[in-house]
Amino acid sequence: MYNYFLPDEYVKNIFQISPEKLKEKGIKGIITDLDNTLVEWDRPEATPEITEWVKQMNDAGLQVTILSNNNNERVQTFCGPLNTPYICDARKPLQKSFKRALEMMKLQKNEVVMVGDQLMTDILGGNRFGLHTILVVPVANSDGFVTKFNRMIERRIMGKMKKRGMIKWEE
């Protein structure tokens, strides 16, 4: 059961994910969470650094799609200026939105990675759907109400995975 919560990779932030490394793995598309993965959950727009990261991925031929449980207004405000496709109200970890993202990108599961900051939504959903998953450290120390609850459960899951020797990275 814990394997569903175990990411394939762990990085400190999104900027440690390079197009070269992804392409070496045969990756052609990135599904990424928005809040606390790319920017703080309460920051409405992309930072210049995130804008450059998305451009770098696109210039390398990698498709980026934002997959967020947040509402349309929030996600559209962020994605519109980036001209980046998105799916809002995704209901992660349910698989329907992951399938839709692959259909939008016209890619296969083995050609796509899922990047996110939460085990309970991003990693669980990506793993259950059969994607390569990358966990990032949340960009903010604060969270919305539901995420605070998820983080409490995640700490317990991570503690159990650590005791079992499943976690190989440093926190």
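In what follows, the structure referred to is the one given above.
If you're wondering where the values come from, they're calculated on a predicted model, not measured in any experiment. (Residues numbered from 1 in each chain as written. Predicted model: local features only at pLDDT ≥ 70, side-chain atom pairs only at ≥ 80, totals over all residues. Heavy atoms only, no water.)

Asker: Explain the environment of threonine 47 to me, please; I cannot follow it from the model alone.
Answerer: Note on placement: threonine 47 falls in the loop between strand E2 (29-32) and helix H2 (48-59). Residue threonine 47 is classed as buried on the basis of its relative accessible area, which comes to 14%. A sequence separation of 31 residues divides threonine 47 from phenylalanine 78, and the C-alpha atoms of the two residues are 9.9 Å apart. (Helix = DSSP H or I, 4+ residues; strand = E, 2+ residues; numbered from the N terminus. Buried < 20%, exposed > 50% of the residue type's maximum accessible area, 1.4 Å probe, protein only.)

Asker: Please clarify how the side chain of aspartate 117 should be interpreted in this entry.
Answerer: Secondary-structure assignment places aspartate 117 in the loop between strand E5 (112-116) and helix H5 (119-129). Polar contacts involving the side chain of aspartate 117 include one to the side chain of threonine 37, which spans 2.8 Å. (Polar contact = N/O pair within 3.5 Å; in protein donor to acceptor, adjacent residues only side chain to side chain.)

Asker: Any chance you could explain the nonpolar core here in plain terms?
Answerer: Nonpolar side chains tend to gather and get buried jointly when the protein is soluble and globular. Core analysis: the biggest nonpolar cluster contains 25 residues, and Ile17, Leu22, Ile30, Leu38, Trp53, Phe78 and Val115 have the highest contact counts within it. At the level of secondary structure, the elements contributing two or more residues to this core comprise H2, strand E3 (63-67), helix H3 (72-82), E5 and strand E6 (132-136). For tryptophan 53, the contacting residues outside a window of four places in its chain are Ile14, Phe15, Ile17, Ile30 and Leu38. Grouped together as the second largest cluster of nonpolar side chains are 13 residues, Ile31, Val112, Met114 and Phe129 included. (Core = buried A, V, L, I, M, F, W, Y, C linked by side-chain atoms within 4.5 Å. Contact = heavy atoms within 4.5 Å.)

Asker: So what exactly am I meant to see when it comes to the pattern of salt bridges here?
Answerer: A side chain of one charge can pair with a side chain of the opposite charge if their charged atoms are brought near each other. A full pass over the atoms with the stated rule returns seven salt bridges. With a shortest N-O distance of 3.1 Å, lysine 28 and glutamate 111 are connected by a salt bridge. Residue lysine 28 is located in the loop between helix H1 (19-24) and E2, and its partner glutamate 111 is located in the loop between helix H4 (96-105) and E5; the two are separated by 83 residues in the primary sequence. Among the salt bridges present, the one from lysine 55 reaches aspartate 59, with a minimum N-O distance of 2.6 Å. With lysine 55 and aspartate 59 both in helix H2 and four residues apart, the pair spans about one turn of that helix. Accessibility expressed as a relative area gives 45% for lysine 55, which makes it partly exposed. (Salt bridge = Lys/Arg side-chain N within 4 Å of Asp/Glu carboxyl O.)

Asker: What is the right way to look at H4 in this model?
Answerer: Given 3.6 residues to a turn, an α-helix orients residues that are three or four positions apart in the same direction. Where H4 is concerned, the buried positions are Ser97, Phe98, Ala101, Leu102 and Met105. All buried residues of H4 lie within an arc of 145 degrees about the axis, which places them on one face of the element. Elements in contact with the buried residues of H4: E2, E3, strand E4 (86-87), E5 and H5. Following H4 by one or two positions, lysine 106 adopts a phi angle in the positive range, close to 55 degrees. (Arc of directions from axis to C-beta.)

Asker: Explain the pairing of E3 to me, please; I cannot follow it from the model alone.
Answerer: The side chains of a regular strand alternate, first on one face of the sheet and then on the other. Here E3 lies mainly inside the structure; four of its five residues are buried. By the bridge criterion, four bridges tie E2 to E3 in an arrangement that is parallel. Paired with threonine 32 across the bridge in E3 is isoleucine 66. Bridging between E3 and E4 involves two bridges; their strand directions are parallel. (Pairing = 2+ DSSP bridges.)

Asker: Just checking my understanding: could you explain the sheet that holds E2 for this structure?
Answerer: Sheet strands pair via backbone hydrogen bonds, and the direction of the pair is either parallel or antiparallel. Taking strand neighbours across the sheet as the criterion, the six strands line up as E1-E6-E5-E2-E3-E4 in an open arrangement whose pairing is parallel. Single-partner strands in this sheet number two, and they are strand E1 (9-11) and E4. Sheet analysis places E2 next to E5, joined by four bridges and oriented parallel. Residue isoleucine 30 lies in a different strand from E5, and its bridge partner there is valine 113.

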